Amino acid sequence: MAAVDLNAEALGVPRKQLMESSGNAVARACRDLADPGASVAVVAGRGNNGGDALVAARFLKAYDVTVHLLGRPETISTDIARENWDALVAGEADHRTVTDSAGFDLGDPDLVVDAMLGTGVTGALREPEATAARAINDSSATVLAVDVPSGVDADTGDAAGLAVDADRVVTFHDDKPGLGDLDCEVVVADIGIPEAAELFTGPGDLLALDRDAQSHKGDHGDVLVVGGGPYTGAPALAAQSALRAGADLARVACPEAVAREVQGYSENLIVRGFSGDRLAPEHVPDLLDFAADRDAVVFGPGLGDADESLAAVREFLAAYDGTAVVDADALQVVPDVDTEATLICTPHQGELRKMGGETDSDWEVRSDLVREFAADLGHTLLVKGAYDVVSDGDAVRVNRTGNPGMTVGGTGDVLAGATGALAAVLPPLDAAAVAAYGNGRAGDLAAEAFGGGLVATDLLERLPAALRGDEA
Ligand SMILES: NC(=O)C1=CN([C@@H]2O[C@H](COP(=O)(O)OP(=O)(O)OC[C@H]3O[C@@H](n4cnc5c(N)ncnc54)[C@H](O)[C@@H]3O)[C@@H](O)[C@H]2O)[C@@H](O)CC1
Ligand SMILES: [K+]
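Structural notes, computed from the coordinates. On a predicted model such as this, the values are computed, not experimentally measured, just so you know.

**What to know about helix H5 (residues 129-138)**
Where H5 is concerned, the buried positions are Glu129, Ala130, Ala132, Ala133 and Ile136. For H5, the angular spread of buried residues about the axis comes to 160 degrees, placing them on one side.

**Quick word on the sheet that holds strand S14 (residues 380-383)**
An order of S10-S9-S8-S11-S12-S13-S14-S15-S16 is seen for the nine strands of this open sheet, with the pairing classed as mixed. Two strands bound the open sheet, and with one partner strand each, they are strand S10 (270-274) and strand S16 (396-399). Neighbouring strand axes in the sheet, compared pairwise and without regard to direction, differ in orientation by 15 degrees on average. Pairing analysis gives four bridges linking strand S8 (residues 222-226) to strand S11 (residues 296-299), with the strands arranged parallel. Residue pairing for S11: Val223 is matched across the bridge by Ala296.

**Comments concerning the side chain of Thr346**
Among the structural elements, Thr346 can be located in the loop between strand S13 (342-345) and helix H11 (349-354). A polar atom in the side chain of Thr346 sits 2.9 Å from the side chain of Asp327. Beyond its immediate sequence surroundings of up to four residues, Thr346 is in contact with Val325, Val326, Asp327, Leu331, Glu351, Leu382, Lys384, Ala416 and Thr419.

**Topic: the coordination of the potassium ion (ligand 2)**
Those donors, Asn49 (OD1), Asp114 (O), Leu117 (O), Val146 (O), Val148 (O) and Ser150 (OG), are the protein atoms that reach the potassium ion (ligand 2), and they lie 2.6 to 3.1 Å from it. Coordination geometry of the potassium ion (ligand 2): the six donor atoms subtend angles of 68 to 174 degrees at the metal centre, consistent with an arrangement described as irregular. Positions of the donor residues of the potassium ion (ligand 2), expressed as sequence spacing, correspond to N-x64-D-x2-L-x28-V-x1-V-x1-S. Here Val148 lies in the loop between strand S5 (142-146) and strand S6 (168-172) and Asn49 lies in helix H3 (residues 48-58), a separation of 99 residues in the sequence. Summarising the burial analysis for this pair, Asn49 and Val148 share the class buried.

Criteria and thresholds
Residues numbered from 1 in each chain as written. Chains lettered and ligands numbered in written order. Predicted model: local features only at pLDDT ≥ 70, side-chain atom pairs only at ≥ 80, totals over all residues. Heavy atoms only, no water. Buried < 20%, exposed > 50% of the residue type's maximum accessible area, 1.4 Å probe, protein only. Helix = DSSP H or I, 4+ residues; strand = E, 2+ residues; numbered from the N terminus. Arc of directions from axis to C-beta. Pairing = 2+ DSSP bridges. Axes fitted to C-alpha atoms, helices over the stretch in contact; angles between N-to-C directions. Polar contact = N/O pair within 3.5 Å; in protein donor to acceptor, adjacent residues only side chain to side chain. Contact = heavy atoms within 4.5 Å. Donors = N, O, S within 2.8 Å, 3.2 Å for Na, K, Ca; no water. Tetrahedral: all angles 85-135°; square planar, octahedral: opposite > 155°, others 65-115°.

Structure (structure tokens):
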């Protein structure tokens, strides 16, 4: 929800506007439950859940409304909730502040609006919320809960002890998993979050990358790039990109003949050579051993399309059960390989056709085609284009970052490496979507400096800023 929220904000629909819609939906539910003139007690906490109800109070002119704020106004935790409190006070609405539990008097209302806590609840209800919850549960009033009954965890439905016992819940945007088992009516209100906030990647998607401060080396991915032979820059770019996208370790397995050259691109890479000048089936057993201890493998950069190299990819995937990103020439083996592995395939539209997939110049039509093909394959697809389409066969995400300067060679290798790094820490669909977004943003930052003259290494340098969400 926080991710969708940020994406909506980036689309020009700020949180305060959503709060206004939420408050309006709460007021509508009140009108449903009580006749004009009825007494309504709005019990508001200090977060945005309370803020929703403070807005609702403004929409209930036909009722006898009393607003109880649990806590001192200075402790309201968000600006938008505080602004709505200030508006009620300035408008001389009937309001009280409850600074200790002894001071809470619910009165005898016909309807209670429970807006103490929503999705921001942590742990058991503290005071004065606990006292207020008991008073609400003891009263004979109809109880309308805002978003989720206070004290209930919206994800699990569990309450850490006491929770409000609601007659109805008006929840926002989407059903919450934890509300299913509650013994009350649940109404979902559309609060005007644009569909695009969920479909298109945006800054909210970067929240998935927030790191635990307690993390250790290796927690953020040990990525193996298998490639090189005819080309040496591609595997080096992909592996460096994995590091720039946050992996702790990036290794390259490439033919001995080019290992030195690959290592020469960067001392940050761990390069391991296998015999000869190209990947062949004889290398597979060793590679499988090596890959078993890695978090993700990136197959393809610079590999070429020699028959024996493609046969090796096929053999590898048939025996591998980890996570792999498949790019470039390696893509063509995917449709007829039987594998337990979780694959993220990163074709451009020409490669997609070569795999047997269809495409279309209209991105919406393309989205459906990509979803269907991903479902047929049983793998995640990231199909590159002006609008990148990502699908796991079920959900679809579309990425709009990037620019025409990125048609230069090597940007696909950067994307494949970043996808590998993110696949080590995120589910496949998210990894592909965030990688596409970050890669495109890195390209946009590079275009600011170099326009159509940008090169792939410019993206590498900008990938960390892009994945941090720095403005272009
Ligand atoms: N897109 C969204 O996410 C939207 C969310 N909205 C509302 O925002 C709510 C989430 O707002 P917040 O994140 O501000 O969180 P909440 O308002 O649910 O709770 C945060 C507040 O509760 C306090 N608190 C937490 N646990 C407590 C406990 N056990 N006992 C007592 N106090 C406790 C915190 O200190 C903080 O002041 C949603 O439930 C929904 O009602 C809406 O405004 C519309 C849009
Ligand atoms: K609530």
